[in-house]
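# What the coordinates show
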Amino acid sequence: MPTAGGSAEAAENLLPLALSRPHDAIASARSLLASDPLAIEASFAHQAWGISLRQLGDIPAAVRELRTALRLAEQSGRSEREADVLATLGATLGRAGRSREGLARLDRAVELSRGALTGRVLVRRADVLLVLGRHREALDDLRLAIERLRRSGDQVWEARSRNYRGFIQLALGGTKRADADFAVAEKLYAATGQEFEYAEARQNRGLVAYSRGDLPSALRYLDEAGRRFAAVGVVWPDLAIDRCGVLLAAGLSAEALAEMDQAIAQMEAEGGTATKRGELWFAAATAALAAGDPQAAQDRADRARRLFSAQRREWWSVRSSMVQLEARYQAGERGESLLRRVSAAARRLDALGASDASAAHLLAGRLALAGGRSRTADRELELAGQHSKDTPPMARSAAWLGKALRAEARDDVRGMLSACGRGLDALDEHRLTMGATELRALATGQGAELAELALRDALRRDDPRRLLVWGERWRATALGVPPVRPSDDEQLGADLAALRDVVRRSDASTDPSLEKERRRLEKAVRDRALRAQGGTLGGAASRFDVDALVDALGETALVELIEVDGVLHAVVVQDGRITRHEVGPLAAAAVEVERSRFRLRWLAHARPSARPQTGAAGGARGREYRGPSLDVLGQRLGDAILGSAQELLGDRAVVMVPPGRLQALPWGLVPALAERPVNVVPSAATWLRARRLRPPADRRVVLVLGPGLSAGRAEVMRLAEKYPDATVLADGDATAEKVLRELDGAWIAHIAAHGTFRADSPLFSSLRLDDGPLTVYDFERLRRAPYRMVLSSCDSGLAKPVGADELLGLSSSLIPLGAAGILASVVPVNDPATAPLMLALHDNLQSGQSLATAFAGAQTEARGDPVTIAAARSFVALGA
């Protein structure tokens, strides 16, 4: 005989627990059902169990529990109980892709319900309508639901209705209204102890930040939501989808793709809703497209589209079709058929109110231009260029690209250049919301096409001044502003210290757990850096001033290498004149750079018997030596990167501004640049800023010797004799915290230490100190980098080209932190061979010479021995 082992009120309390702590709710439901409860109490228990299973991704089991709950509710004879279970079952069926059956259940639940219960049912019907992309109908249901629930004082369900409404407002572009609803929902969830749903609200606040272009805030919200979901034992696929969108906006396409692959694998293994499976495949398709894998994008988008079509989700189905069409375009397809399909998809997206419509019109415009359909292109690009004042910066930039392409097609040069400038301004705004150097650098890739349009126009006009201005407009902009790093970020410091300890211990161990811990700590450090908030435009928006550059150069010549459509052009500024010289294919220059670097590496590490014994003639007594001499390689290199511009330079000092792909160039090999002061900078604007820096008043000198560098000991000890008051850190004292403390604001810093360049993650490039690696993230904690810095060992001058024309690496990180000059190698060097070069360099610095001039003079000491010559040619002076 049934007993009242649990009251109906106690059973009803299981429902909010199911959405807050699903595992606890299942345990409590089992306990209640074991007590042989009344039908109404058992219906609550099975309903809570079903909701919990739905939250945990087991939809078939959830539907079974809910059907049992419905049968028991019908037995209880209470229409309000039947209506509530019907609504839960209908919402679950809708999420499982069975929308027609789900809506039928929900419509019946609306008929059976009254008062506040009607509000609850309407919220769940709105959820299914949202899945189907029927946003306006969902908003109507939610408006009625909020009114009823607020009047009845039902805080939990009012919070849910506001959360849903916020999500729909966001899908329709209303970020302010969405954030207001999410904020109210968040407070109500917190007040009622709904832990899972509070995490969901934090996740949705991250979506708002993402929609506004505030990626650091978005990452912070999503990371917090992830921790809260984990705390209640839930793996939430929506979080992976949202993180994918944010990572793609940040330019981290490979990471976004990896995250989606992991989320899909997990859902395939553990089960989940059909609706979420489609959304995961759609997100994975967008990630594959951004990562440059059009075939994978097509395959994944097709899987998503078929799922959405079966679920009658037109909004999602059309978006998936559009990803397929974009992938076909990326794979090289053109033609009338593709244009018709893209135009049709764009019109359907317009009708559905999808934000993707602008990108579809832009693609249609490109296709029409390629096919000579000028009227169609004009119409499509006009639609692509439309945006409101509240449109986030990245979307505004894309709209300005549409305007620029349209103006170019109309031969409206002024309009095209204006649109290019406005589009890059929007990306400036987006870029500077981020404090992390990595994100700022990656963000510049969004503006490459805008800059290229303006550069092509300058070439058509044969206007070298304009070519220089537009070349500077989007070059090395990430290095123009120091990274944002809170000086009191104790957790970052602790993670970096732990990372040093793990790396130091792993060097002497084969314990695989240390490698796993290293990866964990690197992820923690990087994630913390990516969440750093940027500032405002402020002074960073100042434009490049050609006249100021001309005045500052004086008798120095500047050569800026600009690549347009794969061809390298040298813009030479000297004696107040600006000239352009076409050099040749960038690819050919890159080949000569690699040949030169290979030979220098070989010389640094070859056995003495294998080294060439002559210089200019190129002969060699060692049998293992093959190939041209350094002189021949240098001449080839000069021809490939400078061409006829070499003839203009005379014997004056030179500032070289190479593109990112040529940053690892050993400039000392080029005969036209040999034994003269050469400063290498990522942009002319960077050289101007570095030149304006003033040295510190106290003239502190810091000498650092890392472990395991026998040749470096003699070098550092000899330098200590030259600088009697210098701070010397060696033999256990060269630890990260001590080194950073002494480097901060020093006049000259000289570090002899092994180094590692990390092409996979350039900001973890490091110098080896006594307590482990000193990374770029460590250097970014400096208030001010040393005024002059010499890195005498390793290939510390290397950096990875990213974004439009940005660099990430050890030496490049010091530029925005106030380093006026850095001497570093771009090729691994023979350590003993560098000692005489370094001693001569410091003799010249002590006599008052600039870093580039001092280095040029020191190179005259490197004569005779090919290894010493190779070491000298491997270094570059960066900055001013």
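Everything numeric in this text was worked out from a predicted model, so none of it was measured.

Parameters and conventions
Per-chain numbering applies: the sequence of each chain, read as written, is numbered from 1 onward. Residue-level local features of this predicted model are given only where pLDDT is at least 70; pairs of side-chain atoms are given and counted only at 80 or more, and the full residue set underlies all totals for whole chains, interfaces and linings. Hydrogens and water are ignored here; the side-chain numbers use all heavy atoms of the structure. Relative accessibility thresholds used throughout: buried, under 20% of the residue-type maximum; exposed, over 50%; partly exposed, between the two (1.4 Å probe, protein chains only). Counting from the N terminus, the helices are DSSP H or I runs at least four residues long and the strands are E runs at least two residues long. Two strands are said to pair when DSSP picks up at least two bridges between them. Grid points spaced at 1 Å and placed over the protein atoms alone form the basis of the search, with a cavity being a set where a 1.4 Å probe fits but cannot get out and a pocket an open set showing protein on both sides within 12 Å along at least five of seven lines. Lining residues have an atom within 4 Å of a point. Grid points are joined across faces, edges and corners, and a volume is the space filled by probe spheres set on the points. Amino acids outside the nonpolar list (Ala, Val, Leu, Ile, Met, Phe, Trp, Tyr, Cys, Pro) and the charged list (Asp, Glu, Lys, Arg) are all regarded as polar, and Gly is one of them. In what follows, a contact means two residues having at least one pair of non-hydrogen atoms within 4.5 Å.

## Points about the pairing of strand 15 (residues 821-825)
Within strand 15, five of the five residues are buried, leaving the element largely enclosed by the surrounding structure. Because side chains alternate across strand 15, one face comprises the buried residues Gly821, Leu823 and Ser825, and the other comprises Ile822 and Ala824, equally buried. Summarising the sheet, strand 12 (residues 788-791) and strand 15 pair through three bridges and their orientation is parallel. Bridge assignment links Val790 to a residue of strand 15, and that residue is Leu823.

## Examining empty space enclosed by the protein
By rolling a water-sized probe across the atoms, one finds the places where empty space is left. Considering all chains together, one arrives at four cavities of 30 Å³ or more under this definition. Along the wall of the largest cavity there are 20 residues; nearest its centre are Gln663, Val680, Pro682, Leu807 and Leu878. Of all the secondary structure elements, the ones that give two or more residues to the lining of the largest cavity are helix 36 (810-814) and strand 16 (875-879). In the lining of the largest cavity, the residues fall into 14 nonpolar, five polar and one charged. Here the second largest cavity defines a volume of roughly 110 Å³. Counting only elements with at least two residues in the lining of the second largest cavity, the list comes to strand 5 (678-680), helix 38 (851-859) and strand 16. A total of four residues in the lining of the second largest cavity trace back to one element, the largest contributor, which is helix 38.

## Thoughts on the sheet that holds strand 11 (residues 772-775)
The three strands are arranged 9-10-11 in an open sheet whose pairing can be described as antiparallel. Both edges of this open sheet fall to strand 9 (755-756) and strand 11, since each of them pairs with a single strand only. The pairing of strand 10 (residues 766-769) with strand 11 spans four bridges and is classified as antiparallel. The residue of strand 11 that forms the bridge with Ser766 is Thr775.

## Examining the environment of Val546
Of note, Val546 is situated in helix 29 (residues 546-553). Classification of Val546 by relative accessible area gives buried; the value is 4%. Contacts of Val546, omitting those with residues within four sequence positions, involve Arg465, Leu468, Val469 and Ile578.

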